[in-house]
Amino acid sequence: MLNPAATARRAIPSVDRLLKLDPAGVLIAEYGRPLVVETIRAVLDEQRALLNSDGAASLDEDSLLATCSARLRAATSASLKPVFNLTGTVLHTNLGRALLPRAAVEAAVTAMTRAVNLEYDLDGGARGERDSHVEAWLKRLTGAAAALVVNNNAAAVYLALNTLALRREVVVSRGELIEIGGAFRIPDIMARAGCRLREVGTTNRTHAKDYTGAINARTAAIMKVHASNYAIQGFTASVPETELAAIARAHELPFIVDLGSGTLVDLERYGLPHEPTPRETIANGADVVTFSGDKLLGGPQCGLIVGNAALIAKIRKNPMKRALRVDKVTLAALEATLRLYADPERVARELPTLRLLTRAQVEIEAQARRVLPAIAAAVARCADAQIIACASQIGSGALPVDALPSAGIALTPRAKRRGTAAAAIADAFRALPVPVIGRVKDGAFILDLRCLDDEAGFIAQLARLKVRENLDAKTPRRKEEH
Ligand SMILES: *Cc1c(COP(=O)(O)O)cnc(C)c1O
């Protein structure tokens, strides 16, 4: 006589048996045979293990295949997917920074799906230069004599330093030895670029004589790094770019400026705080300026290096340029983005980054009134929803001190442990089909509506919001499959 567990084990259907059933055929058509076989095998193994540990196993063929179906759907759903960025940070590095203008998207699709003259000179029918597609625009928009493009601004800084200061010293103020988002630190990038960092001055004050006193036979460059994600206030002194440029020129050294964000337009024109532009920095005498393509510029991820023609030519010849170059898709998107800047009216309308940054508080507030009823209804059981004034950040290190007046919705839980309860509400919003990312602050979950574009899509999915039952319980339970 077999014991009951052994009997049950025998009753578990075989992989082949399940594969022959109609629902399995549907799964194979959708996901391909190998994935389906693998999933069925895994699910059956689990049932067997359950039986061996005296657990209750499901032996019903339909429900086994339903489990497989749910698992396959989860395993094959896109990992990189759209979310609603309601964090209040417009250029959020973790949420992909700039949203590209329509023109850039179309140019990128063309480059992805057609052969293009990436490195092909159509006039001469000979080999061309990939950066040529954007160099004229960058020269025009920054006043620089030459320009090149690499993978991101970190690569731009690396390549400039590695080319111009390999095994030599670079003079930088101690007030500018910045770290950006953990992985990018000026001292580290300098070491990897093969340069010796020559720190001068103090955290809050650096003077011209600090720079001149540090220059010696091993000095290769003077560098200035834009304090992009912090501000030093109070008793401070730094040396203006014009003066640093003069010092560099007097010692026949290149003057390199890492602007970080760098915007191609005068932001004050759009009612935003001033942010240095590459054009100003070049006019102030910088020889090489580096900045990002996907921060305030509002284009694809890339790093731009503009400046003196001889130095840019040298940087272009660095063998590492090949390792750090951008692809045709990025170039196409960048070219289309730069073209928008030819017309300041058009760029404000068509560049999402600028449009989001310049949204008026009254307009965002009106939107908050429109979406409030749906949000309030979705959390009615556990929290109160109210419209609040809040402050958005530009993000990605730009304009660290200035905040943009905005409006949003605060969800205040009625549970006793408000912090945990607010976090549980945040979890529920993140679990929506298009995850909604807000922030938890002072025991409330805050949604800043500055970047809410698809209002209808946002409202439509709120009916599916499921906040867990006991908001006072400490640890949230793990999400179930299915
Ligand atoms: C953001 C930033 C960088 C890095 O730029 P990525 O495009 O993210 O590589 C470097 N320097 C400064 C000053 C920055 O603000």
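Residues numbered from 1 in each chain as written. Predicted model: local features only at pLDDT ≥ 70, side-chain atom pairs only at ≥ 80, totals over all residues. Heavy atoms only, no water.

A. Structural context of the pairing of strand 17 (residues 444–448). A large share of strand 17 lies buried, amounting to five of its five residues. Summarising the sheet, strand 14 (residues 404–413) and strand 17 pair through four bridges and their orientation is antiparallel. Bridge pairing links Leu-411 to Phe-445 in strand 17. For strand 16 (residues 439–441) and strand 17, the ladder comprises three bridges, and the chain directions are antiparallel. (Buried < 20%, exposed > 50% of the residue type's maximum accessible area, 1.4 Å probe, protein only. Helix = DSSP H or I, 4+ residues; strand = E, 2+ residues; numbered from the N terminus. Pairing = 2+ DSSP bridges.)

B. Fine view of the packing of helix 8 (residues 153–164) against helix 13 (residues 309–317). Two elements in contact, helix 8 and helix 13, have axes whose closest approach is 9 Å; the angle formed by their N-to-C orientations is 100°. When the axis of helix 8 is compared with that of helix 13, the two are roughly perpendicular. Residues Leu-159, Ala-160, Thr-163 and Leu-164 of helix 8 form the contact with helix 13, whose participating residues are Leu-311, Lys-314 and Ile-315. (Axes fitted to C-alpha atoms, helices over the stretch in contact; angles between N-to-C directions. Parallel < 35°, antiparallel > 145°, perpendicular 65-115°, else oblique. Contact = heavy atoms within 4.5 Å.)

C. Summary view of the sheet that holds strand 16. Spatially, 13-14-17-16 is the arrangement adopted by the four strands of the open sheet, whose pairing is antiparallel. Two strands close off the open sheet at either side, each with one partner strand: strand 13 (383–392) and strand 16. Within the sheet, the average angular offset between the axes of one strand and its neighbour, ignoring direction, is 35°. Helix-sheet contacts for helix 18 (residues 361–378) involve strand 13, strand 14 and strand 17, and the interaxial angle to strand 14 is about 15°.

D. Structural context of the layout of surface pockets. In this structure, the second largest pocket occupies an estimated 760 Å³ of space. Taken together, 24 residues line the second largest pocket, and the ones lying closest to its centre are Lys-81, Pro-82, Val-83, Leu-95 and Leu-99. Of all the secondary-structure elements, those providing two or more residues to the lining of the second largest pocket are strand 1 (84–85) and helix 17 (352–357). With four residues, the single largest contributor to the lining of the second largest pocket is helix 17. (1 Å grid on protein atoms, 1.4 Å probe; cavity = no way out; pocket = protein on both sides within 12 Å on 5 of 7 lines; lining within 4 Å. Points joined across faces, edges and corners; volume = space filled by probe spheres on them.)

E. View of helix 11 (residues 241–250). Within the sequence span of helix 11, burial applies to Glu-241, Leu-244, Ala-245, Ile-247 and Ala-248. Around the axis of helix 11, the buried residues are gathered within 160° of arc, so they sit on the same side. Facing away from the buried surface of helix 11 by more than 90 degrees, the exposed residues are Arg-249 and Ala-250. Buried positions along helix 11 lie against helix 10 (208–214), strand 9 (219–225), strand 10 (255–260) and helix 12 (278–283). Positive phi shows up at Glu-252, right after helix 11, with a value of about 55°. (Arc of directions from axis to C-beta.)

F. Representation of the packing of helix 4 (residues 33–52) against helix 5 (residues 61–76) in the model. Orientation of helix 4 relative to helix 5, taken along the N-to-C sense of each, is 125°, at an axis distance of 10 Å. Relative to helix 5, helix 4 is oriented oblique. The crossing of helix 4 and helix 5 is right-handed. Residues Leu-35, Val-36, Thr-39, Ile-40, Val-43, Leu-44, Glu-46 and Gln-47 of helix 4 touch helix 5, and the partners they reach there are Leu-64, Leu-65, Thr-67, Cys-68, Arg-71, Leu-72 and Thr-76. Across the contact of helix 4 with helix 5, the residue classes tally to nine nonpolar, four polar and two charged. (Left-handed = near helix turned anticlockwise from the far one by under 90°. Nonpolar A, V, L, I, M, F, W, Y, C, P; charged D, E, K, R; others polar.)

G. A look at the domain arrangement of the chain. Entries for the chain in the domain assignment read domain 1 (4–76), domain 2 (84–92 + 357–464) and domain 3 (102–350). The C-alpha centroid of domain 3 is placed 56 Å from the C-alpha centroid of domain 1. (Domains from an automatic or database assignment.)

H. How the structure looks around the side chain of His-92. By secondary structure assignment, the location of His-92 is in the loop between strand 1 and helix 6 (102–113). Residue class for His-92 comes out buried when judged on its relative accessible area of 18%. A polar atom in the side chain of His-92 sits 3.2 Å from the backbone nitrogen of Asn-94. Residues in contact with His-92, not counting those within four places in the same chain, are Asn-85, Thr-87 and Arg-97. (Polar contact = N/O pair within 3.5 Å; in protein donor to acceptor, adjacent residues only side chain to side chain.)

I. Looking closely at the pattern of salt bridges. Following the criterion strictly, the structure yields 25 salt bridges and no others. Across the pair Arg-130 and Glu-119 runs a salt bridge, and its minimum N-O distance is 2.8 Å. Here Arg-130, found in the loop between strand 3 (126–127) and helix 7 (132–142), pairs with Glu-119, found in the loop between helix 6 and strand 2 (120–121); they are eleven residues apart in sequence, far enough to count as distant. Overall, Arg-130 belongs to the buried group, its relative accessible area being 7%. Several salt bridges converge on common partners, so that one network encompasses Glu-129, Asp-131, Glu-135, Arg-316 and Lys-321. (Salt bridge = Lys/Arg side-chain N within 4 Å of Asp/Glu carboxyl O.)

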